[in-house]
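Chain by chain, the residues:
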Amino acid sequence: LGDVYKRQTLTLMKKNIYYILLILFASIHTVNAKVVIDENVLEPAIISVVYERTKVTDTLNAANDYKQDLLTLKAGKKYSAFYSAAKKTNDSISSRNFDYVMAMMNDYQAFHRVAELENDVIFKNYPEGENTVFLRFNLSSWYYQEPIDKPSWQLVPDSSKVICGYECLKAVCHYRGRQWTAWYSPEIPIHDGPWKLWGLPGLILEAHDEKMHYQYVALKIQSEDAGNVEYFNYSDRFKTERIKALVQNRKALGKSIKNAILSSGAFGVKSQNIKADTGRPAHTNYDFEETDYPHE
């Protein structure tokens, strides 16, 4: 009888885990319900750069608790886009192929890979004079537009290093609440870089804040067949503002996604059938690149 009870309990646990994974994946792709396919080539890219971003996800344990992502910069003469190429590919396929979505829902490893991909996208100077930023929190997709804000860089003399075969020079600035150090290459006369960092007399190939909570390092630079700078969107998005988004996103860090789904009753999930999370959610001891918003 004991073995039978153990087997039944294990089966129930597996079903509950699978159910949670299923609704979490569904929440990523279908909570907004409306299928969106919005793709627009803005211009040919002059350069394509793949950066590795290292983000500390627990500042109390920075040496061991961090996340690394590969993020792509496509830069042209007027516009640029900064995003996860893997996430863009996945969302493009998902929006067109329901069988692909169903296959993902039945593959835990595939689900996990997608769930870990970066959601944020930055379109610089689109529309002209503004940045358009995509982000996701509270089980919803959002966007805001902001005037382009150029960091006030100070060039550091007598400093150089080689990155990806290019000689780079050093610059520092205080931007959006953090002190940043950047290494840029005058050999690549493009005034762009990772994230919202730009405005130096050369492409930024490496950057980090003074606490080393965020680090960007160029791994691959492609100037031939660099593709296009594209505007793309595959989610029905709510409009917000930068500071408001930061405040709401910060509050969302202290909430359990699973509990939010259970309490909402989304997808017909009954909270009494699945155990809710207890205790403090993981990864709340960190902040965003921008810290210039009201904090608790």
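Residues numbered from 1 in each chain as written. Predicted model: local features only at pLDDT ≥ 70, side-chain atom pairs only at ≥ 80, totals over all residues. Heavy atoms only, no water.

Section: the overall build of the protein
Then step 1. Helix and strand counts for the protein stand at 6 helices and 14 strands.
Then step 2. Counting only residues that meet the buried cut, the protein has 46% of its 296 residues in that class.
Then step 3. Residue pairs in contact within the protein that sit at least 24 positions apart in sequence constitute 63% of those at least 6 positions apart.
Then step 4. Just so you have it, the protein exposes about 15,900 Å², and 52% of that area is on carbon and sulfur atoms. (Helix = DSSP H or I, 4+ residues; strand = E, 2+ residues; numbered from the N terminus. Buried < 20%, exposed > 50% of the residue type's maximum accessible area, 1.4 Å probe, protein only. Contact = heavy atoms within 4.5 Å. Areas by Shrake-Rupley, 256 points an atom, 1.4 Å probe, with all protein chains shown as cover.)

Observations regarding the packing of aromatic side chains
Then step 1. Summed over all chains, the structure comprises 15 aromatic pairs.
Then step 2. Seen from their ring centres, Tyr175 and Trp195 are 5.9 Å apart, and the 75° between their planes marks the pair as edge-to-face. Of this pair, Tyr175 sits in strand E9 (residues 166–175) while Trp195 sits in the loop between strand E10 (178–185) and strand E11 (203–209), and the two are 20 residues apart along the sequence.
Then step 3. By relative accessible area, Tyr175 is classed as buried at 4%.
Then step 4. Chaining the aromatic ring pairs together yields one cluster made of Tyr79, Tyr83, Phe123, Tyr126, Phe134, Tyr231, Phe232 and Tyr234.
Then step 5. Sitting above the plane of the Phe232 ring, Lys88 keeps its charged end 5.1 Å from the centroid.
Then step 6. Taking the ring centre of Phe134 as reference, the NZ or CZ of Arg237 above it sits at 4.0 Å. (Phe/Tyr/Trp six-rings, centres within 6.5 Å; stacked < 30°, edge-to-face > 60°. Lys NZ or Arg CZ within 6 Å of the ring centre and 35° of its normal.)

A closer look at the pairing of strand E6 (residues 130–137)
Then step 1. Counting buried positions along E6 gives 7 out of 8 residues, so the element sits mostly inside the fold.
Then step 2. What sits between the antiparallel neighbours strand E5 (residues 121–124) and E6 is a turn of 5 residues, in which Asn125 has the positive phi angle 60°.
Then step 3. As defined by bridge partners, E6 adjoins strand E7 (residues 140–147) across 8 bridges and the pair is classed as antiparallel. Bridging from a neighbouring strand, Arg136 pairs with Ser141 of E7.
Then step 4. Turn length for the E6-E7 hairpin, with the two strands adjacent in sequence and antiparallel, is 2 residues, and the turn residue Asn138 shows positive phi of about 55°. (Pairing = 2+ DSSP bridges.)

Regarding the environment of Asp292
Then step 1. One can find Asp292 in the segment after helix H6 (257–264).
Then step 2. Separated by 46 residues in sequence, Asp292 and Leu246 place their C-alpha atoms 9.0 Å apart.
Then step 3. With residues up to four places along the chain from it excluded, the contact list for Asp292 reads Arg176, Gly177, Arg242, Ile243 and Leu246.
Then step 4. A polar contact is formed between the side chain of Asp292 and the side chain of Arg242, at a distance of 2.9 Å. (Polar contact = N/O pair within 3.5 Å; in protein donor to acceptor, adjacent residues only side chain to side chain.)

Points about the sheet that holds E10
Then step 1. Pairing is mixed in the open sheet, where 12 strands are placed in the order E8-E9-E10-E11-E12-E2-E3-E4-E5-E6-E7-E14. Of all strands in the sheet, those bounded by a partner on one side alone are strand E8 (154–163) and strand E14 (238–239).
Then step 2. Here strand E2 (residues 47–56) pairs with strand E12 (residues 214–222) via 8 bridges, running antiparallel. Along E12, the bridge assignment pairs Val49 with Ile221.
Then step 3. Helix-sheet contacts for helix H5 (residues 242–253) involve E6 and E7, and the interaxial angle to E6 is about 20°. (Axes fitted to C-alpha atoms, helices over the stretch in contact; angles between N-to-C directions.)

With respect to the confidence of the model for the protein
Then step 1. In the predicted model, the protein carries a mean pLDDT of 85, and 79% of its residues have values of at least 70.
Then step 2. Below a pLDDT of 50 lies the segment residues 4–21, which in the model reaches 12 contacts outside its immediate sequence neighbourhood of four places, other chains included.
Then step 3. Every residue in residues 28–33 scores below 50 in pLDDT, and together they form 16 contacts with partners more than four places removed in sequence or on other chains. (pLDDT = per-residue confidence, 0-100.)

Points about the pattern of salt bridges
Then step 1. Summed over all chains, the structure comprises 19 salt bridges.
Then step 2. Here Glu118 ties to Arg53 by a salt bridge, and the two come within 2.5 Å at their closest N and O atoms. With a gap of 65 residues between them, Glu118 in the loop between helix H4 (108–115) and E5 and Arg53 in strand E2 connect regions that are remote in the sequence. Each member of the pair, Glu118 as well as Arg53, is classed as buried.
Then step 3. A salt bridge links Asp69 to Lys67; its shortest N-O distance comes to 2.4 Å. You'll find Asp69 and Lys67 in the same group, each marked buried.
Then step 4. Overlapping salt bridges, with partners in common, bring together Glu146, Asp149, Arg176, Lys196, Arg242, Glu290 and Asp292 in one network. (Salt bridge = Lys/Arg side-chain N within 4 Å of Asp/Glu carboxyl O.)

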